[in-house]
Every structure is written in structure tokens, then in C-alpha cells.
Amino acid sequence: MSTTTTAKVFTPDQVHHYQEQGYLLPQRQLLPAADYAALSATTESLVASWAAAGGRTEHMDVPHFYHPELFRFLLHDAVLDVVEDLIGPDIALFSNHFICKPTGDGRRVPWHEDSAYWKGMWDPMEVVTVWLAIDPSTLSNGCMKVIPGSHAGGYSAYHDVAVDDPSVFATEISAGQFDSDTAVACELAPGEYSLHHARCIHGSAANTSSQRRCGYIMRYCSTASRFDGSSTGRDGLHQIYLARGRDRAGNNYGEAGTVNRAW
């Protein structure tokens, strides 16, 4: 993966940590206070609407396709500066979603690599995820955990989750392929964020606490990677967007700030 010669946010040691370990915990706020407050208010509105329609709020996928107001945050300079330090100045917005675990019965996220669900979409697979805490994210309410250095792989063997196991995903990495004792808990205060590579193994426990755990997940890739939308399972209707810089792989981009009506 490429990096810029002059980092905008991170020290060389932090960039090296991400490259070597596959994740980073900057322990700082991502957005200016006013923008974070606006995102928090937008989140509450979208979560309430999703729940009112009968949906589980742990997996609110591609909300920007329906709610273009989210581009304000997805294309925010503070977010793109963080991403640029890790993958370079030519950035494509890939996707985003909310994972909002309600109190009491918030579902667990099984151990997985994001790359396993995106196989064939990006060549090379160098997607970086920005995980922004809307609520406190702690061990008690099911914060994300990552396996350091696991991004050297990325396509582990999976098995089906038990039918009586209410999980966000229907599959998980089979036992014996990583050591869960090495897991690092990504505990975050509201407004703080973590970053992880697409091939990094991660997961989170159920939320049985009285504190909701909501995060906004934003995903980006270098435009030097080629995107193949036909592998999304939706007839190539998943749009990506040129977030910063220029295209370097002949990708096609949607118009940021508009509804993806084709989807």
C-alpha cells in the first residue's frame, strides 16, 4: 500500500503501525465538534426510521445511497486527511454503514475479514475502514476487537453460524486460524475512531448492557485499485465515488451528493 510523503495527521510510527499490524487507534476526535454534532443528530434520525420500519439496526448498509446528506461527512477533509496518510492522495469512497447495537439484545459480530465478503471487488484489496464512535464503545457493550497482524492473510475458511445464534453475519471464521487471545479491544469515546485494513480479522461480542453501542463505518480505497462492481451481487449497481485526487485505474464513479436510484 502507498502512503504520502508528508503525513497530514499521523506520525511515521503510526503509519508504520497500521502497515505492520493492520489497525490503528489514534485516540483522538475525528470531526470538528459542530460536524460531529450534525452527524450524531443525523444518525439518531436514521436509526429511528430504520427501527420503525422493523429493521435490525446492527446492519444499516449503504445509507448514503438513500440519504445523500451523509456525503457531508464521508467527503469531509478531516476524514480524507486520515485516509490519505494510509493509502495516498487518490481516494475512492467505497461504502459506509451504521452498526447500532441496541441495549440488552444487541447482536454479536462474528470473527471475520471484510475482504472475505468483497472478494473480487477490488484489485488489489487495500480498503481502509474508518470506524467512528457515535456512542461510547466499550468492552461492556460489545466494542470491536481486532487481531494484530492478521491482514497478512484475508481469506480464511468460514463456516455457518448456528441457526439459534442471532449474529449480524451468517458465517464466521472457523476455529484454529488465529489466536483470539491476541485480540485488541478498540474502546472509543464518542467522536473517537479506529482504522483497520480490509484483511484484518475482527469481531465484537453481543451487547447485553444498558448502554447502546452505535458506530458509523466509512470505507475507502486507493483509486489505483480496480473496482469490479459486477461482484456485488446487485448487477453492478454499487456506485463508488471519487473522494479526492484523480482516478488511476480506469474506474467509473457516481455523482456524489445524489441518491443512487439504480440501487
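Quick caveat: nothing in here was measured; it's all calculated off a predicted structure.

Peer 1: Account for the pattern of salt bridges, naming residues and giving values.
Peer 2: For the structure on display, the rule yields 14 salt bridges. Linking Arg212 and Glu44 is a salt bridge whose minimum nitrogen-to-oxygen distance equals 2.6 Å. Taken together, the positions of Arg212 in the loop between strand 12 (202–204) and strand 13 (213–222) and Glu44 in helix 2 (residues 33–52) put the pair 168 residues apart, joining distant regions of the chain. Overall, the relative accessible area of 18% leaves Arg212 in the buried class. On the basis of relative accessible area, Glu44 is assigned to the partly exposed category, the value being 35%.

Peer 1: I'd like a rundown of the environment of Asn260, residues and numbers included.
Peer 2: Looking at the secondary structure, you find Asn260 in the segment after strand 15 (241–244). As a C-alpha pair, Asn260 and Ser150 span 110 residues in sequence and 34 Å in three-dimensional space. Other than its neighbours up to four places away in sequence, Asn260 contacts Phe65, Leu237, Gln239 and Tyr241. A polar side-chain atom of Asn260 sits 3.5 Å from a polar atom in the side chain of Gln239.

Peer 1: Kindly report on unusual backbone geometry, identifying the contributing residues and their values.
Peer 2: Cis rather than trans, the peptide bond between Asp123 and Pro124 has omega equal to 0 degrees. Within the fold, Pro124 resides in the loop between strand 5 (122–123) and strand 6 (128–133). With a phi close to 40 degrees, Val62 is a non-glycine residue in the positive phi region. Along the chain, Val62 falls in the loop between strand 2 (60–61) and helix 3 (71–74).

Peer 1: Report on the pairing of strand 3 (residues 91–101), specifying residues and quantitative values.
Peer 2: On any regular strand, side chains alternate: one points to one face of the sheet, the next to the other face. Within strand 3, 11 of the 11 residues are buried, leaving the element largely enclosed by the surrounding structure. In this structure, strand 2 lies alongside strand 3, joined through two bridges in antiparallel fashion. Each bridged residue has a counterpart across the sheet, and for Asp61 the counterpart in strand 3 is His97. By the bridge criterion, three bridges tie strand 3 to strand 15 in an arrangement that is antiparallel. When the bridges of strand 15 are listed, Ala92 appears paired with Leu242. Note that strand 3 and strand 13 share 10 bridges and pair antiparallel. Bridging from a neighbouring strand, Leu93 pairs with Tyr220 of strand 13.

Peer 1: Can you explain the sheet that holds strand 7 (residues 144–146)? Please cite residues and give values.
Peer 2: With antiparallel pairing, four strands are arranged side by side in an open sheet as 4-12-7-10. Every other strand in the sheet has two partners, leaving strand 4 (109–112) and strand 10 (184–185) as the edge strands with one partner each. Two elements, strand 7 and strand 10, share two bridges in a ladder whose sense is antiparallel. Looking across to strand 10, one finds that Val146 is bridged to Val184.

Peer 1: Run through helix 1 (residues 12–21), naming residues and quoting values.
Peer 2: Residues of helix 1 that are buried: Gln14, Val15 and Tyr18. The buried side chains of helix 1 occupy one side of the element, clustering within an arc of 100 degrees when seen end-on. Of the exposed residues in helix 1, those oriented more than 90 degrees away from the buried face are Pro12 and Asp13. Check the buried side of helix 1 and you find it contacts strand 1 (23–24), helix 4 (77–87), strand 6 and strand 11 (193–197).

Peer 1: Explain the pairing of strand 13 to me, using residue names and the numbers behind them.
Peer 2: In terms of burial, strand 13 is a largely internal element, 10 of the 10 residues being buried. Burial of the side chains of strand 13 extends over both faces: Arg213, Gly215, Ile217, Arg219 and Cys221 are buried on one face and Cys214, Tyr216, Met218, Tyr220 and Ser222 on the other. Where strand 6 meets strand 13, six bridges bridge the pair, whose relative direction is antiparallel. Paired with Val128 across the strands is Tyr220, a residue of strand 13.

Peer 1: Report on the nonpolar core, specifying residues and quantitative values.
Peer 2: In this structure, Leu30, Leu31, Leu195, Met218 and Tyr220 are the most contacted members of the largest nonpolar core, which totals 41 residues. Counting residues per element, this core draws most heavily on helix 4, at seven residues. Residues contacting Met218, with those up to four places away along its chain left out, are Leu30, Phe73, Leu74, Val79, Ser95, Asn96, Val128, Thr129, Val130 and Leu132. Core analysis: the next-biggest nonpolar cluster, separate from the first, contains 11 residues, Phe94, Trp118, Trp122 and Val127 among them.

Here is what the cut-offs are and how they apply
In this numbering scheme, every chain counts its residues from 1 along its sequence in written order. This being a predicted model, a pLDDT of at least 70 is required before a residue's local features are given, and a value of 80 or more before pairs of side-chain atoms are given or counted; all residues contribute to the totals for chains, interfaces and linings. Derived side-chain values reflect all non-hydrogen atoms in the structure, with water molecules and hydrogen atoms excluded from consideration. The salt bridge criterion pairs a side-chain nitrogen of Lys or Arg with a carboxyl oxygen of Asp or Glu, the two atoms within 4 Å. Runs of E in the DSSP output that reach at least two residues are strands. Runs of H or I that reach at least four are helices, and both are numbered from the N terminus. Partly exposed residues are those whose accessible area sits between 20% and 50% of the maximum for their type, while under 20% is buried and over 50% is exposed, using a 1.4 Å probe and protein chains only. Two residues form a contact once any of their heavy atoms are found within 4.5 Å. For this analysis, a polar contact is any N or O atom pair within 3.5 Å, provided that within protein one partner can donate a hydrogen and the other can accept it, and provided that sequence-adjacent residues contribute only side-chain to side-chain pairs. In this scheme, strands are said to pair when DSSP sees at least two bridges between them. The arc in question is the one traced by the directions running from the helix axis out to the C-beta atoms. As used in this record, nonpolar core signifies buried Ala, Val, Leu, Ile, Met, Phe, Trp, Tyr and Cys residues forming a set joined through side-chain atoms within 4.5 Å.

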